[in-house]
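Here's the letter readout for the chains.
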Amino acid sequence: MTTTQSPPRLEPRSPRGRRDRLPGVGAGEKAIGLLNGGFLLLWGLITALPLLWAILSAFKTNGEFRVDPLGLPSGVQWDNFSRAWSAANIGQYFLNSVIVVSISVTLTMLFGAMGAYVLARYDFPGNRFIYYLFLGGLILPVFLALVPMFFVVRNLGSLPVIGQFLGLNSYLSLALVYVAFSMPFTVFFLTAFFRTLPNSIAEAGIVDGCSHFSLFWKVMLPMARPGLISLALFNFLGHWNQYVLPLVIMQDSDKKVLAQGLGTLAASTGFRADWSALFAGLVIALLPVLIVYIIFQKQVQAGLTAGVLK
Amino acid sequence: MRHGKYPFILAFLLPPVGIYAIYMLSPYVQAIYISMTDWSGFTSSQTFIGFDNYVEMWHDDQLRTALRNNVILVLVVPVLTLLLGLFFASMLNVGGRKRGGAVTGVRGAPVYKIVYFFPQVLSVAIIGIVFKYVFAPENAGGILNRVLGAVGLGGLQQLWLAEPNYLIWIVVLVMTWSFVGFYVVLFSAAMQSIPRDIYEAALLDGSSRLTTFRKITVPLVWDTVQVGWVYMAIQAMDAFATVHIMIGINGGVQGAGDVLGTAMYREAFAEADFGYAAAIGVLMLVLTMLVAIVFMRGLRRERVELA
């Protein structure tokens, strides 16, 4: 940011127009202000209403859903949730999602921080090359990798000893795939973050006789906490909501994750007409995300938009 | 301290690079080779057939529909999203006017941002299901038809998802709906860094809101718009989950809502024609690159920077 330019020039107005129009207080201005407010409110409603409707539908009976979709539920049908949880298998899917996402977010943050730390603060041959190797992954479309990835995972499953943990329909496989696809952005973001950390503290650590290893764990990692938190949220949301990767890896119906299981449920609901259980399942899937969003709203917005701004 | 530097570097790089190479890089490299074979995936033999898959794509009518739909998505979704995003962001951040000529955000702006942004954190599966029922027939909970009937526009009621010509446009609307909030927040961040006195000077010069928007706000956030545009075009390329859930893996009625992602998925996991599927994947890569380059160049404009 070195070049300074004056703000873009505006067309000059006649002096008369200027005198007549006191900025920001005329009746016309008020009308425009109201109109603006109207638009903002309208988009707020367009965003919120379909979701509110979906949440309300989870508490209705199937009859109410069909006959009076816009009305409020007459009573709260908790039974919808138990049907969704057990009969429609959402409970199992929820558990699968929790297992996969806890492994994948932990490993993504751990490995991402390790890689980024070394790339940001150590000089060695090949440093730039590895950094750009990670960066390149940011623009590749997932779809191109889908077919070979399926075979990579399938073939890893036939390795001796470790194969049983790494084949198709394995929590660990899916988690590792998530880790791999999260590496480009995680490394990119954290490398930038580790570079901003002050050298003086690292040097003090070295003087105190820290090893490389304890310098990372005891000094650098705690200092990087704000960056780690917003990135962990970013990865949590991305992994929890992932749809196409589990579709390829988890083909066993017991191993499906939540988003994928909901998709299957939606496809079969047409025949069984148990809409309210479907929407109850949807609310179950939505809750963790909603809670995280409400608690960490600032960090989530910052974390998700940082990807574009940097 | 100097000793042990390389073992440490190696130990720290090995897990991330290893996982990345096995699960992400190697598939991309293999994809290009597989796209030149007739591999069905279940035999160990794969015959190298050169560009035959690419020639076949050229004559595949269903794929042409999918391609056309992807082009619509990549062109229309970013335009709609950016216009709405810029519009709402500028209203939220510089839309307010105080007595004495101060430019402020509107009241309740933080609340609007929270609501607008929310679709961004939702799974596409959830969005797909909700809108599948928004556009459903009236006797299956379709609230759009219900609302149209309730406000006296019953004549506009349609079997939305049964009309081939509407399908891709419904996808356009749903994707735009889910993207706008993200760009409102993104552009808001950019707009907040514009010094207020520029606006105040413009107000004193008597410039209207539209002029202020066109000549101050847009040029000063243009860098962000440009990056956002490319990012969004890449996102719009992948409409897989929305189409898969809302209108089905076959692209709905007459396959009219098909996109490249669903076409590829079918070829691979239903037809077991992995070579052809990989070729569609390569086509998607080429399109993504093209879009990124064209948009980066086409939108380049004189930079206006603030000190």
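Residues numbered from 1 in each chain as written. Chains lettered and ligands numbered in written order. Predicted model: local features only at pLDDT ≥ 70, side-chain atom pairs only at ≥ 80, totals over all residues.

**Remarks on the overall build of chain A**
Helix and strand counts for chain A come out as 16 helices and zero strands. Counting across all 310 residues of chain A, residues that qualify as buried make up 42%. Residue pairs in contact within chain A that sit at least 24 positions apart in sequence constitute 71% of those at least 6 positions apart. (Helix = DSSP H or I, 4+ residues; strand = E, 2+ residues; numbered from the N terminus. Buried ≥ 20, exposed ≤ 12 C-beta atoms within 10 Å, placed from the backbone. Contact = placed C-beta atoms within 7 Å.)

**A short note on the overall build of chain B**
Each helix and strand counted, chain B has 13 helices and two strands in total. A compact globule built from 307 residues should have a C-alpha radius of gyration of about 19 Å, whereas chain B, at 24 Å, is more than 25% larger. Considered along the principal axes of its C-alpha atoms, chain B spans approximately 80 × 75 × 35 Å. In chain B, which comprises 307 residues, the proportion classed as buried is 49%. For chain B, contacts bridging at least 24 residues in sequence account for 70% of all contacts bridging at least 6. (Rg over C-alpha atoms; globule rule 2.2 N^0.38 Å.)

**A short note on the nonpolar core**
Of all hydrophobic cores here, the largest spans 183 residues; its most connected members are Val177(A), Ala180(A), Leu262(A), Leu282(A), Ile126(B), Val171(B) and Ala233(B). For this core, the element with the highest residue contribution is helix α7 (residues 167-192) of chain B, accounting for 18 residues. For this core, the domains that each give at least three residues are domain 1 (26-80) and domain 2 (82-309) of chain A. Residues contacting Ala180(A), with those up to four places away along its chain left out, are Ile19(B), Tyr20(B), Tyr23(B) and Met24(B). (Core = buried A, V, L, I, M, F, W, Y, C linked by C-beta atoms within 7 Å. Domains from an automatic or database assignment.)

**Concerning the packing of helix α5 (residues 90-121) of chain A against helix α1 (residues 5-34) of chain B**
The N-to-C vectors of α5(A) and α1(B) enclose an angle of 125°; their axes lie 8 Å apart at closest approach. In this view, α5(A) runs oblique relative to α1(B), as classed from their interaxial angle. Along this stretch, α5(A) crosses α1(B), giving a crossing that reads as left-handed. The segment α5(A) lies against α1(B), with Phe111(A), Gly112(A), Met114(A), Gly115(A), Tyr117(A) and Val118(A) engaging Ile9(B), Phe12(B), Leu13(B), Pro15(B), Pro16(B), Val17(B) and Ile19(B). Of the residues that constitute the contact of α5(A) with α1(B), the class distribution is 11 nonpolar, two polar and no charged. (Axes fitted to C-alpha atoms, helices over the stretch in contact; angles between N-to-C directions. Parallel < 35°, antiparallel > 145°, perpendicular 65-115°, else oblique. Left-handed = near helix turned anticlockwise from the far one by under 90°. Nonpolar A, V, L, I, M, F, W, Y, C, P; charged D, E, K, R; others polar.)

**Examining the interface of chain A and chain B**
With 87 residues of chain A at the contact, the number on the chain B side is 95 residues. A class-by-class count of the residues in the side of chain A that touches chain B yields 63 nonpolar, 19 polar and five charged.

**Comments concerning the confidence of the model for chain A**
Caution is warranted with low-pLDDT regions, since their predicted coordinates should not be read in detail. Residues and elements named next belong to chain A. The predicted model of chain A averages 83 in pLDDT, with 88% of residues at 70 or higher. Here helix α1 (residues 15-20) stands out as the element of chain A with the lowest mean pLDDT, 44, in contrast to α5, whose mean of 95 is the highest. Under a pLDDT of 50 for its full length, residues 1-24 has, in the predicted model, 33 contacts with residues more than four places off or in other chains. (pLDDT = per-residue confidence, 0-100.)

**Side note on the domain arrangement of chain A**
Residue and element names in this part refer to chain A. Structurally, chain A comprises domain 1 (26-80) and domain 2 (82-309). Here the C-alpha centre of domain 2 lies 33 Å away from the C-alpha centre of domain 1. Contacts between domain 1 and domain 2 engage 12 residues on the former and 12 residues on the latter. Looking at the side of domain 1 that touches domain 2, the elements that each hand over two or more residues are α2 (27-57), α3 (62-67) and α4 (78-87). Considered class by class, the residues forming the side of domain 1 that touches domain 2 number five nonpolar, five polar and two charged.

**Considerations on helix α10 (residues 222-237) of chain B**
End to end, α10(B) covers 23 Å across 16 residues, agreeing with the expected 22 Å (1.5 Å per residue, within 8%). For α10(B), the full list of buried residues reads Thr224(B), Gly228(B), Trp229(B), Val230(B), Tyr231(B), Met232(B), Ala233(B), Ile234(B), Ala236(B) and Met237(B). (Expected span 1.5 Å × (residues − 1).)

**Thoughts on the packing of helix α7 (residues 142-156) of chain A against helix α13 (residues 274-298) of chain B**
Running from N to C, α7(A) and α13(B) cross one another at 160°; their axes reach a closest spacing of 7 Å. The angle between the axes of α7(A) and α13(B) places the two elements in the roughly antiparallel class. Classified by chirality, the crossing of α13(B) by α7(A) is left-handed. Residues Phe143(A), Leu144(A), Leu146(A) and Val147(A) of α7(A) form the contact with α13(B), whose own contacting residues are Phe274(B), Ala277(B), Ala278(B), Gly281(B), Val282(B), Met284(B) and Leu285(B). A class-by-class count of the residues in the contact of α7(A) with α13(B) yields 10 nonpolar, one polar and no charged.

**Regarding the environment of Val98(A)**
Residues and elements named next belong to chain A. If you trace the backbone, Val 98 turns up in helix α5. Val 98 gets classed as partly exposed once you count the C-beta atoms within 10 Å, which come to 14. Counting along the chain gives 92 residues from Val 98 to Leu 190, while the straight-line C-alpha distance between them is 25 Å.

**A few points about unusual backbone geometry**
Working note: non-glycine residues mostly have negative phi, and peptide bonds are mostly trans. Residue and element names in this part refer to chain A. Phi angles above zero are rare outside glycine, and Asn 169 is one such case at about 60°. Looking at the element boundaries, Asn 169 is found in the loop between α8 (163-166) and α9 (171-196). A count of 16 C-beta atoms within 10 Å places Asn 169 in the partly exposed class.

**Re the confidence of the model for chain B**
Looking at chain B, pLDDT values average 84 and 92% of them are 70 or higher. Complex prediction metrics read pTM 0.85 and ipTM 0.84.

**A look at the environment of Phe94(A)**
Residue and element names in this part refer to chain A. Locating Phe 94 in the fold gives a position in helix α5. In this structure Phe 94 comes out as buried when scored by C-beta crowding, with 20 C-beta atoms within 10 Å. Leave out the neighbours within four places in its chain, and Phe 94 touches Leu 258 and Ile 284.

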